[in-house]
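# Coordinates in review
Listed below, chain by chain, are the residues.
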Amino acid sequence: MTPADTGASTVVGATASVPAVTDSRMAPGGPGYRRMSFALFLAGVATFALLYSTQALLPLISGEFGVAASEASWTVAAATGGLAVFVLPMSALSERFGRRAVMTASLAVAVGVGLLVPFAPSLGVLIVLRALQGAALAGLPASATAYLAEEVRPKALITAIGLFVAGNSVGGMSGRVITGWVAQEWGWRVAVGVIGVLAVACAVAFRLLLPAPKHFTPGSLRPRVLARTVRDHLANPLLRRLYAIGALFMTVFGGVYTVIGYRLTEAPFSLPQGIVGSIFLVYLVGTLSASTAGRLVGRFGRRGALYLGGGTTATGLLLSLADSLPLVLLGLVLITAGFFAGHAVASSAVSKTATTGRAQASALYQSAYYVGSSAGSTVGAIAFHAGGWAGTVGVGVLAVLGVVTITVFGSRAARVERRRPLPA
């Protein structure tokens, strides 16, 4: 047979075939993947437990300092706002000094501040400490998604990011449930102190478990380079849409979970603080929906998954208007499932869309996301003060309509792009 028939090289002495290049990045079942997943899961637990440690305690904080819901809500908004402001600078540090180093330092500082929070003598000092804590935590979200984009194979990326987001949901749930029951017996100060100790354990385990990066290439800290990278990301229409979607989803979530404690401790429910904290067990639904985001995208496509997340969230908001506790709980389940699915889909799409400056791309998403959280916490509380729970739901429905509108616009833009003739 001729060389053409056999597929052999016509060059004398050449090997019969070229061996395939092995992708050394981590994949499910491969070396280090389980340790990495668990480490980042714990980082997500610590991040959300610290970030939202005062959210379930707002009625108690209002009572101690004699302030309204709209003022107490700043203990949440300050933390998420601090994260939103500092996430981009921290992402630049991770490009220069490495993802693992920045994540470790961020957790260490946030945990240290968290141990000071129980001793805040006034609401003003408490808000300042919470802002510092949020700024410290800014090194986690963008660095984690950039780490995954570099160290995990593309086909496993959505699943890996979904597990990190699932850690966020477990942290948010456990922080609120623990603080609710502890505060019922010993007050809100002891409750946030317990969260600080839990975060210490998570931070130590994270550092011991996370594998050293093998595919990280240090970047530049020059402001001009950073500004150009940010400008390029913001010039990308798809990234802009994903940033807006993340912000709007989080506006719903931040508003609902900042105000729900006030609603459930008032008539007609009048639930004790421990029971109100246990309501946050519905976060387990978020853990499930975030971890299945990859399958949703595989079945419905990215835009279909976003429509599903938005529709589920809107249905939950409308159900929560009822003065029936079972219907309110069902509404919270649907809001949580829709939010975490939408967030996991949007954040993983950012990591896949950005081929360079991934930390900055993820940082811009996280910044928009936490701006949405701060806006939702503040506007949701103001709407509750002005119009009750229906006011908070109205803010959420408007945000979901924004998600659907942006996704529809993206679908039309994609169709136009596909129909555009290729250049000669």
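Now for a quick tour of the structure. Keep in mind the model is a prediction, meaning the values are calculated, not measured.

This part covers the packing of helix α9 (residues 157–186) against helix α10 (residues 188–209). Where α9 contacts α10, the two axes come as close as 7 Å, and the packing angle between them is 140°. One element, α9, and the other, α10, form an angle in the oblique class. Regarding α9 and α10, the two cross each other, and that crossing is right-handed. Here α9 contributes Ser-174, Gly-175, Ile-178, Thr-179, Val-182, Ala-183 and Trp-186 to the contact with α10, which in turn contributes Trp-188, Val-190, Ala-191, Val-194, Ile-195 and Leu-198. Looking at the contact of α9 with α10, its residues break down into 10 nonpolar, 3 polar and no charged.

What follows covers the pattern of salt bridges. Overall, the coordinates contain 3 salt bridges when judged by the stated rule. Between Arg-189 and Glu-64 there is a salt bridge, and its shortest N-O distance comes to 2.7 Å. Of this pair, Arg-189 sits in helix α10 while Glu-64 sits in helix α3 (residues 58–65); the two residues are 125 residues apart in sequence, bridging distant segments of the chain. Arg-99 is paired through a salt bridge with Glu-150; the nearest N and O atoms lie 2.3 Å apart. Of the two residues, Arg-99 sits in helix α6 (residues 99–114) while Glu-150 sits in helix α8 (residues 141–151), which places them 51 residues apart along the sequence. When sorted by exposure, Arg-99 lands in the same class as Glu-150, which is buried.

With that settled, the discussion passes to the packing of aromatic side chains. Across all of its chains, the model carries 10 aromatic pairs by this definition. Judged by centre distance (5.4 Å) and plane angle (80°), the ring pair of Phe-253 and Phe-340 falls under edge-to-face. With a gap of 87 residues between them, Phe-253 in helix α12 (residues 237–265) and Phe-340 in helix α16 (residues 325–353) connect regions that are remote in the sequence. The exposure class of Phe-253 is buried, given its relative accessible area of 3%. The class for Phe-340 is buried, based on a relative accessible area of 0%. Measuring from centroid to centroid gives 4.7 Å for Tyr-369 and Tyr-370, while their planes differ by 85°, and the two rings are edge-to-face.

Side chains of Leu-115, Val-197, Val-200, Val-204 and Leu-208 sit close together on the surface and give an oily, nonpolar patch of about 430 Å² of accessible area. Tracing the backbone shows Val-200 in helix α10. Residue classification places Val-200 among the partly exposed positions, given a relative accessible area of 31%.

Right, let's talk about the nonpolar core for a bit. Counting residues in each nonpolar core, the largest one holds 124 residues, and the members touching the most others are Met-36, Leu-40, Leu-148 and Tyr-257. Examining the composition of this core, we find that 15 residues originate from one element, α12, more than from any other.

Calculation notes
- Per chain, residues are indexed from 1 in the order of the written sequence.
- Owing to the predicted nature of the model, reporting of local features is limited to residues with pLDDT of at least 70; listing and counting of side-chain atom pairs is limited to 80 or more, with chain, interface and lining totals taken over all residues.
- Note that water and hydrogens are dropped before the side-chain values are worked out from all heavy atoms of the structure.
- Here, axes are lines fitted to C-alpha atoms. For helices the fit covers the stretch in contact, and angles between N-to-C directions go from 0 to 180 degrees.
- Secondary structure elements follow DSSP: runs of H or I no shorter than four residues count as helices, runs of E no shorter than two count as strands, and numbering proceeds from the N terminus.
- An angle below 35 degrees is treated as roughly parallel, one above 145 as roughly antiparallel, one from 65 to 115 as roughly perpendicular, and anything else as oblique.
- With the far helix as reference, a near helix turned anticlockwise by less than a right angle produces a left-handed crossing, and one turned clockwise produces a right-handed crossing.
- Whether two residues touch is decided by their heavy atoms; if any such pair falls within 4.5 Å, the residues are in contact.
- Only Asp, Glu, Lys and Arg are considered charged, only Ala, Val, Leu, Ile, Met, Phe, Trp, Tyr, Cys and Pro nonpolar, and every remaining residue, Gly among them, polar.
- Here, a salt bridge means any side-chain nitrogen of Lys or Arg that lies within 4 Å of a carboxyl oxygen of Asp or Glu.
- Summary of the burial criterion: residues with accessible area below 20% of their type's maximum are buried, those above 50% are exposed, and those between are partly exposed, where the area comes from a 1.4 Å probe applied to protein chains only.
- Here is the rule: rings of Phe, Tyr and Trp (six-membered ring for Trp) pair when centre to centre is within 6.5 Å. Planes less than 30 degrees apart are stacked, more than 60 are edge-to-face, and the remainder are tilted.
- Candidate patch residues must exceed 30% relative accessible area and have no salt bridge, after which like charges are joined if within 9 Å and Val, Leu, Ile, Met, Phe, Trp or Tyr side chains if within 5 Å.
- All accessible areas in this document rest on Shrake-Rupley with a 1.4 Å probe, and a residue is counted as covered only by the protein chains that are shown.
- In these notes, a set of buried Ala, Val, Leu, Ile, Met, Phe, Trp, Tyr and Cys residues joined through side-chain atoms within 4.5 Å is what counts as a nonpolar core.

The values are spatial; any link to function lies outside them.
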